[in-house]
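Tertiary structure, described
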Amino acid sequence: MADVTVKQLADTVGTPVDRLLRQMQEAGLPHKAEDEVVTEEQKKILLAFLQKSHGAAETGERKITLKRKSSSTLKAGQGRAGRNVTVEVRRKRTYVKGGETAPPADAEAPPPVADSSQAEAEAARIRDQEAARAKANEDARNAEAERKAQAERKAEEERLKAEEAARQAEEARQAKEAADKSVQQPEVSVDPAVAAAELQAKEQAEQKGGKRGKAKEKERRDAPGARSGGGKGRRELSLKSERRTRRKPAHRQAALQVETQGGEFKPTEFISREVEIGEVNSVADLAQRMAIKASEVIKTLMGMGVMATINQTLDQDTATLVVEEMGHKVKLVSNDVLEEKLVASLKIEGDTEPRAPVVTVMGHVDHGKTSLLDYIRNTRVTSGEAGGITQHIGAYSVETKGGQVTFIDTPGHAAFTSMRARGAKVTDIVILVVAADDGVMPQTEEAIQHAKAAEVPIIVAINKCDLEAADPDRVTNELAAKDVVPEEWGGDTQFVKVSAITGEGIDTLLEAIVLQSEIMELGAIAEAPGQGVVIESRLDRGRGPVATILVQNGSLKQGDVIIAGECFGRVRAMLDDTGQPTKSAGPSEPVEVLGLNGTPAAGDDFSVATDERSARELAEFRADKSQEHRQATQQAAKLDNMFANMVEGEKRILKLVIKSDVRGSLEAIIQALADLGNDEVGVQVLGSGVGGISESDATMAVTYGAAVFGFNVRADKAAKTLLEKEGVDLRYYSVIYELIDDVRAVLSRMLSPEIREEIVGIAEVRDVFRSPRYGAIAGCMVTEGSVHRNKPIRVLRDNVVIYEGELESLRRFKDDVNDVRAGTECGIGVRNYNDVRPGDQIEVFDSKEVARQL
């Protein structure tokens, strides 16, 4: 073929010019325009490239795997005890096809392919041929496999039929022999001629039975030879059955010494097991541990006089009796197995290293605790707290001249008792801040009690010494009366005079802290799984549950799986007290942790778990246990309230739904509200939680007629719309005592008013007149106040009330009047009372309702 241009080659092949140019460039040819010449060598290069790109040059082995599966049913056993067994036969064959062989040298070369379309057609033809051959081979193999399978099934069916026929014949023979033995024939004399005739008949019957060896079982049973006690065919079947029985392997019978009943295996020999019994066990769990049916356990319980169902729970004593009654061994276990496993995994061994002291600042509200920490930390925290008081536990790590010190700032308000107790629980040293101008106050005494209960040393910081009204000596005397004696007086408590404004005595206070920590020889093991306590938790809108934790022992690293109370999770991120990300936290370091599945309760212990599965199981176990305890408490409270209401009448309840920003504040609010109320009114918190007010909270409030309080949180749009539509009271607070004061005011309005009586006037009876219209009319002199016609009265005789009613008439000189003042005579008619006597006193009074205060 002569040289042609790119356009002519494209027309010959039947492909667009631009596509041919692109293919030529991919093949490595230099052509870029349609008028360039293509030589024969370049055509061969292009053809080889096209063949290779379309798979014509691929070689190597290819495998084809055929799988066949056939099922059949066999009947095992005899009679009713037999059962059907499904037999599944699986076959797998793999065929390997090698590469194409090279043609011989003297073979005629195939004609060259002129263009890419011919190469593509040739490759497609080759693939079609290969697919057709593979399909034909597969169909042939499938047909052969199907034919073999049918032949095997047919042979198996014939074998089973033969065995069934032999078995039926053997059963019929055994039944006939048993019937012959049960019938006793009378003894008769036998004639020799008759015996010979019977012997001849028997021989003829045996000959006929031999000729009909392949006849049906019914015909053999009716034959004289069969009735006379046996024949050749009968003996052949019996021998065949015995041979089949002997061919069965003995080890298979020994391995399957079970009885099938209802598709289950029931052991023929009793197996005594060791059964673990917890504090609470269901009938189903107990049966599973003993490897028996639940009905057997229920029967045993019924025999013991206990009616139970499969889902009913049994206590440990009852379960022990049942297990022992059924012949098994008892192993008592505790329900806190998961807790025990966690404690066992937290056993720490290693060298103890010195750690920083954890110092809690406690004292009365507004005595300068947070301001003192502000000066130490050089920050401003108090200005950020609502109302200028601390409402959260803050944990800070401070670097001092004597080393690192971790400070915990607790609230001083009366509502935060539990938070102060929690602060004393996790601390090493307590700094008791007392204002020099205020002295010892109620929360100061409470802080002393918490510190002594936790057996924590106290360092007294007498604050506000820069004020003119400061009197440190008075503070010292008051504290000494509370058994907090300074070292100068022979005690063991360090007293330091400080000022959070000027910084006076701050260095001395830090030196006292370092000295006290050195005396205590604080230490921890750093290279161990971390454990500690949850200081605070909250629900952040963007980051989810956030928990402030204090590591007490070991190290907490990012990526560890931790469990805190009823919550668990993997630590996704950690932030230090300055808000900077950190990868690990050692002993006495406070950090914020992200990654928990909920907000744990403040004060809960946390620890690093071995894996997420065990942490989840333990958290669910704790949640279930807490739920059971809560339900039991609620049930007891319901009974107590029921009897109380029966005796005292209806109690008015203020229902609330409370949401807070952090768990500690929520706990303090609920505890403070529980202390409000009396026998007539009270507060019931229907729902509470950490986070914003959602639509579900609003729905609960609307359903049960509750008010919604938000503490440092707000309601979303859907919740606010629903509350406004239904007219439910929604209030926001940022200071806790404002919330408590409002609730106290509402409860005061719910109290029934107090009825107070005021004596308006007193009239003395001088004489009694009779009137046909009004009856007895008392002529009186008003001695005190004034007598009003429309007010209630009492009749007193010898200063004893003998009647209480109202006036029927009040006259002066035959004129009806509304009131009569003191020193004036009048006539008084008492309604429905005619026993008025001279010397009696008529007391006029007025009743007023006075609002009560809680």
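Remember, predicted model here, so these are calculated numbers, not experimental data.

1. Re the packing of aromatic side chains
Summed over all chains, the structure comprises two aromatic pairs. Seen in terms of ring centroids, Phe709 and Tyr733 are 5.3 Å apart; in terms of plane orientation they differ by 65°. Their pairing is edge-to-face. Placement of the pair is Phe709 in strand S29 (residues 707-711) and Tyr733 in strand S30 (residues 730-733), with a sequence separation of 24 residues. Classification of Phe709 by relative accessible area gives buried; the value is 4%. Considering the side-chain rings of Tyr803 and Tyr833, the 4.6 Å spacing of their centres and the 15° angle between planes classify their relative orientation as stacked. Of this pair, Tyr803 sits in strand S34 (residues 800-812) while Tyr833 sits in the loop between strand S37 (825-830) and strand S38 (841-850), placing them 30 residues apart in sequence. Here the basic side chain of Arg714 rests over the ring of Tyr732, its NZ or CZ set 4.4 Å away from the ring centre. One residue, Arg794, lies across the ring of Phe845, its end atom 3.9 Å from the ring centre.

2. Quick notes on the sheet that holds strand S19 (residues 531-540)
An order of S19-S20-S25-S23-S22-S26 is seen for the six strands of this closed barrel, with the pairing classed as antiparallel. Mean inter-strand twist for the sheet, computed between neighbouring axes without regard to direction, equals 45°. Where strand S23 (residues 567-575) and strand S25 (residues 589-596) come together, four bridges link them in antiparallel fashion. Along S25, the bridge assignment pairs Met574 with Val593.

3. So, helix H16 (residues 442-453)
For the α-helix, the turn length of 3.6 residues means that residues three or four positions removed from each other point alike. With 12 residues, H16 should reach 16 Å at 1.5 Å per residue; the first-to-last C-alpha distance of 17 Å fits that figure. For H16, every residue scored as buried is listed here: Gln443, Thr444, Glu446, Ala447, Ile448, His450 and Ala451. After H16 finishes, the residue Glu455 shows a positive phi value of roughly 55°.

4. Comments concerning the pattern of salt bridges
For the structure shown, the criterion picks out 33 salt bridges. Of the charged contacts in the structure, one is a salt bridge between Asp540 and Arg543, with a shortest N-O distance of 4.0 Å. Here Arg570 and Glu612 are joined by a salt bridge, their closest N and O atoms 3.6 Å apart. Of this pair, Arg570 sits in strand S23 while Glu612 sits in helix H19 (residues 612-648), and the two are 42 residues apart along the sequence. A cluster of three or more residues bridged by salt bridges with shared partners is formed by Arg538, Asp540, Arg543 and Glu592.

5. Digging into unusual backbone geometry
Keep in mind that most residues, glycine aside, have a negative phi and that most peptide bonds are trans. Even without glycine at this site, Glu521 takes up a positive phi of about 55°. Position of Glu521 among the secondary structure elements: in the loop between helix H18 (506-520) and strand S18 (523-524). Notably, Asn712 is not glycine yet its phi reads approximately 60°, a positive angle. Tracing the backbone shows Asn712 in the loop between S29 and helix H22 (717-726).

6. Some words on the packing of helix H10 (residues 283-290) against helix H11 (residues 294-303)
The interhelical angle for the contact between H10 and H11, taken along N-to-C directions, is 115°, at an axis separation of 8 Å. When the axes of H10 and H11 are compared, the pair comes out roughly perpendicular. In this structure, H10 crosses over H11, and the sense of that crossing is right-handed. Contact residues: Val283, Ala287 and Met290 in H10; Ala294, Val297, Ile298 and Leu301 in H11.

7. Quick notes on the sheet that holds S30
Taking strand neighbours across the sheet as the criterion, the four strands line up as S28-S27-S29-S30 in an open arrangement whose pairing is parallel. A single partner strand is all that each edge strand has here, and the edge strands are strand S28 (681-690) and S30. Strand-to-strand twist of the sheet, defined as the mean angle between neighbouring strand axes without regard to direction, takes the value 25°. When strand S27 (residues 652-660) meets S28, the two strands line up parallel, connected through nine bridges. Bridge pairing in S28 links Ile658 to Ser688. Across the sheet, helix H21 (residues 695-704) lies against S27, S28 and S29, angled at about 175° from S27, the strand it touches most. Most of the contacts of helix H23 (residues 736-750) go to S27, to which it runs at about 160°, and overall it touches S27, S28, S29 and S30.

8. Regarding the confidence of the model for the protein
One rule of thumb: low pLDDT means the predicted coordinates there are not for detailed reading. When pLDDT is averaged along the protein, the result is 76; 75% of the residues meet or exceed 70. Across the protein, the secondary-structure element scoring lowest on mean pLDDT is helix H9 (residues 250-255), at 39, and the one scoring highest is S29, at 92. Taken together, the stretch residues 183-192 has pLDDT below 50 and engages in one contact with residues farther than four places along the chain or on a different chain.

9. Concerning the environment of Ala27
Examined against the element boundaries, Ala27 turns out to sit in the loop between helix H2 (17-26) and strand S2 (37-38). Counting along the chain gives 20 residues from Ala27 to Leu47, while the straight-line C-alpha distance between them is 9.1 Å. Those residues in contact with Ala27 that sit more than four places away from it in its chain are Ile45, Leu46 and Phe49.

10. Brief notes about helix H17 (residues 472-481)
Listed in full, the buried residues belonging to H17 are Pro472, Val475, Thr476 and Leu479. The buried residues of H17 occupy one face: seen down the axis, they fall within an arc of 100°. What points out from H17, more than 90 degrees from its buried face, is the exposed set Asp473 and Ala481. The elements touched by buried residues of H17 are strand S15 (429-435), H16, strand S16 (458-463) and strand S17 (494-497).

11. Some words on the nonpolar core
Core analysis: the largest hydrophobic core is formed by 23 residues, its most contacted members being Leu656, Leu673, Phe709, Leu739 and Val743. Mapped onto this core, the elements with two or more residues apiece are S27, helix H20 (663-675), S28, S29 and H23. Setting aside its immediate chain neighbours within four residues, Leu739 contacts Ile669, Leu673, Phe709, Phe711 and Tyr733. Grouped together as the second largest cluster of nonpolar side chains are 22 residues, Leu373, Ile376, Val405 and Val498 included.

12. As for the packing of H20 against H23
Between H20 and H23, the least distance of the axes is 11 Å, while the angle of their chain directions is 30°. As judged from the angle between their axes, H20 and H23 are roughly parallel. For the crossing formed where H20 meets H23, the hand is right-handed. On the side of H20, the interface is formed by Ala668, Ile669, Ala672 and Leu673, while H23 contributes Ile736, Leu739, Ile740 and Val743. Here the residues of the contact of H20 with H23 are counted per class, giving eight nonpolar, no polar and no charged.

13. A few points about the side chain of Thr493
Within the secondary structure, Thr493 sits in the loop between H17 and S17. Engagement of the side chain of Thr493 in a polar contact is seen with the side chain of Asp492, the distance being 3.5 Å. For Thr493, the residues in contact, after removing those within four places along its chain, are Ile458, Val460, Val484, Val485, Pro486 and Glu487.

About the criteria used
- Residues numbered from 1 in each chain as written.
- Predicted model: local features only at pLDDT ≥ 70, side-chain atom pairs only at ≥ 80, totals over all residues.
- Heavy atoms only, no water.
- Phe/Tyr/Trp six-rings, centres within 6.5 Å; stacked < 30°, edge-to-face > 60°.
- Helix = DSSP H or I, 4+ residues; strand = E, 2+ residues; numbered from the N terminus.
- Buried < 20%, exposed > 50% of the residue type's maximum accessible area, 1.4 Å probe, protein only.
- Lys NZ or Arg CZ within 6 Å of the ring centre and 35° of its normal.
- Pairing = 2+ DSSP bridges.
- Axes fitted to C-alpha atoms, helices over the stretch in contact; angles between N-to-C directions.
- Expected span 1.5 Å × (residues − 1).
- Salt bridge = Lys/Arg side-chain N within 4 Å of Asp/Glu carboxyl O.
- Parallel < 35°, antiparallel > 145°, perpendicular 65-115°, else oblique.
- Left-handed = near helix turned anticlockwise from the far one by under 90°.
- Contact = heavy atoms within 4.5 Å.
- pLDDT = per-residue confidence, 0-100.
- Arc of directions from axis to C-beta.
- Core = buried A, V, L, I, M, F, W, Y, C linked by side-chain atoms within 4.5 Å.
- Nonpolar A, V, L, I, M, F, W, Y, C, P; charged D, E, K, R; others polar.
- Polar contact = N/O pair within 3.5 Å; in protein donor to acceptor, adjacent residues only side chain to side chain.

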